[in-house]
Amino acid sequence: MRKFLVILDDSRECLNAMRFAAMRAAKSGGGVQILSVIPPEEFNHWIGVSDIMREEARERITVHYEVFAKWMRDRQNIDPELVIREGEAVTEILAQIKADPEIGVLVLGAGTDRKGPGPLVSQLSRSAGALPVPITVVPGDLSKDRLEAIT
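All of these numbers come straight from a predicted model, not from anything done at the bench. (Residues numbered from 1 in each chain as written. Predicted model: local features only at pLDDT ≥ 70, side-chain atom pairs only at ≥ 80, totals over all residues. Heavy atoms only, no water.)

## Thoughts on helix α4 (residues 119–126)
Among the residues of α4, those classed as buried are Leu120, Val121 and Leu124. End-on, the buried residues of α4 take up no more than an arc of 95°, which puts them together on one face. Among the exposed residues of α4, those oriented more than 90 degrees off its buried face are Pro119 and Arg126. Those residues of α4 that are buried are in contact with β1 (3–7), α3 (89–99), β4 (103–110) and β5 (135–139). (Buried < 20%, exposed > 50% of the residue type's maximum accessible area, 1.4 Å probe, protein only. Helix = DSSP H or I, 4+ residues; strand = E, 2+ residues; numbered from the N terminus. Arc of directions from axis to C-beta. Contact = heavy atoms within 4.5 Å.)

Here is the structure:
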């Protein structure tokens, strides 16, 4: 089975990436793996405090994930898998792709503001030629109807 790896973060463009991954998986008989990366700078505190903050971050991610997972199950009949990693985002994305040979496509959402498509799209597209899987970059301002037509 081919999995679409999609990144869960707090960006607005994440929504379209999730939709695209679920729709493509549903139409191609694939699966969806949702990866969320907790940056290391969130835990530069005393050990006890950092453990509590780490657990709170995981709980926030799980609640956020459940919103997308429910939509994927109800609308696309896809049961996504959640993976949470800690570290630098690009490093952890690449590590997850290497760790799971069923991942066939990395799906990223592109931002729509003047700052550019976003740090993940910028960093990963620079090294796209050396990545072990193709990247699909989904524009953040595509409508639901347009996404359905494309997938």
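From this point, the discussion proceeds with the structure in view.
## Topic: the layout of surface pockets
Looking at the largest pocket, its volume works out to about 640 Å³. If you go around the largest pocket, you meet 31 residues; those closest to its centre are Ile7, Leu8, Asp9, Asp10 and Val37. Counting only elements with at least two residues in the lining of the largest pocket, the list comes to β1, α1 (14–28), β2 (31–38), α2 (47–76), α3, β4 and α4. In terms of residue count, the dominant contributor to the lining of the largest pocket is α2 (four residues). Its residues placed into classes, the lining of the largest pocket shows 18 nonpolar, six polar and seven charged. There is about 230 Å³ of room inside the second largest pocket. As for the second largest pocket, its lining consists of 13 residues, and the residues nearest its centre are Arg12, Glu13, Gly111, Thr112 and Asp113. (1 Å grid on protein atoms, 1.4 Å probe; cavity = no way out; pocket = protein on both sides within 12 Å on 5 of 7 lines; lining within 4 Å. Points joined across faces, edges and corners; volume = space filled by probe spheres on them. Nonpolar A, V, L, I, M, F, W, Y, C, P; charged D, E, K, R; others polar.)

## Looking at the packing of α3 against α4
It is at 10 Å that the axes of α3 and α4 come closest, and there the two elements cross at 60°. Judged on the interaxial angle alone, α4 and α3 are oblique. Judged by the sense of rotation from one axis to the other, the crossing of α3 with α4 is right-handed. Side by side, α3 and α4 meet where Ala89, Val90, Ile93 and Leu94 of the first sit next to Leu120, Gln123 and Leu124 of the second. A breakdown of the residues in the contact of α3 with α4 according to their chemical character gives six nonpolar, one polar and no charged. (Axes fitted to C-alpha atoms, helices over the stretch in contact; angles between N-to-C directions. Parallel < 35°, antiparallel > 145°, perpendicular 65-115°, else oblique. Left-handed = near helix turned anticlockwise from the far one by under 90°.)

## Topic: the sheet that holds strand β3 (residues 81–86)
Strand order in the open sheet formed by five strands is β3-β2-β1-β4-β5, and the pairing between neighbours is parallel. At either margin of the open sheet sits one strand with a lone partner, and together these are β3 and β5. Adjacent strand axes in the sheet meet at a mean angle of 25° when their direction is disregarded. Here β2 runs beside β3; their pairing, made up of six bridges, is parallel. Directly across from Ile34, in β3, lies its bridge partner Leu82. (Pairing = 2+ DSSP bridges.)

## Focus on α3
By the burial criterion, the buried members of α3 are Val90, Glu92, Ile93, Gln96 and Ile97. Buried positions in α3, seen along its axis, are confined to an arc of 165° and lie on one side of it. In α3, those exposed residues whose orientation departs by more than 90 degrees from the buried face are Lys98 and Ala99. Where α3 is buried, its residues contact β1, β2, β3, β4 and α4.

## Concerning the nonpolar core
Among the nonpolar cores identified, the biggest contains 26 residues, and Val6, Leu8, Met18, Val32, Ile34, Met72 and Val107 are the most heavily contacted of them. It is α1 that contributes the most residues to this core, eight residues altogether. Residue contacts for Ile34: discarding those within four places in its chain leaves Val6, Leu8, Met18, Tyr65, Met72, Pro80, Glu81, Leu82 and Val83. Counting 16 residues, the second largest nonpolar core, distinct from the first, contains Val37, Val90, Ile103 and Val133. (Core = buried A, V, L, I, M, F, W, Y, C linked by side-chain atoms within 4.5 Å.)

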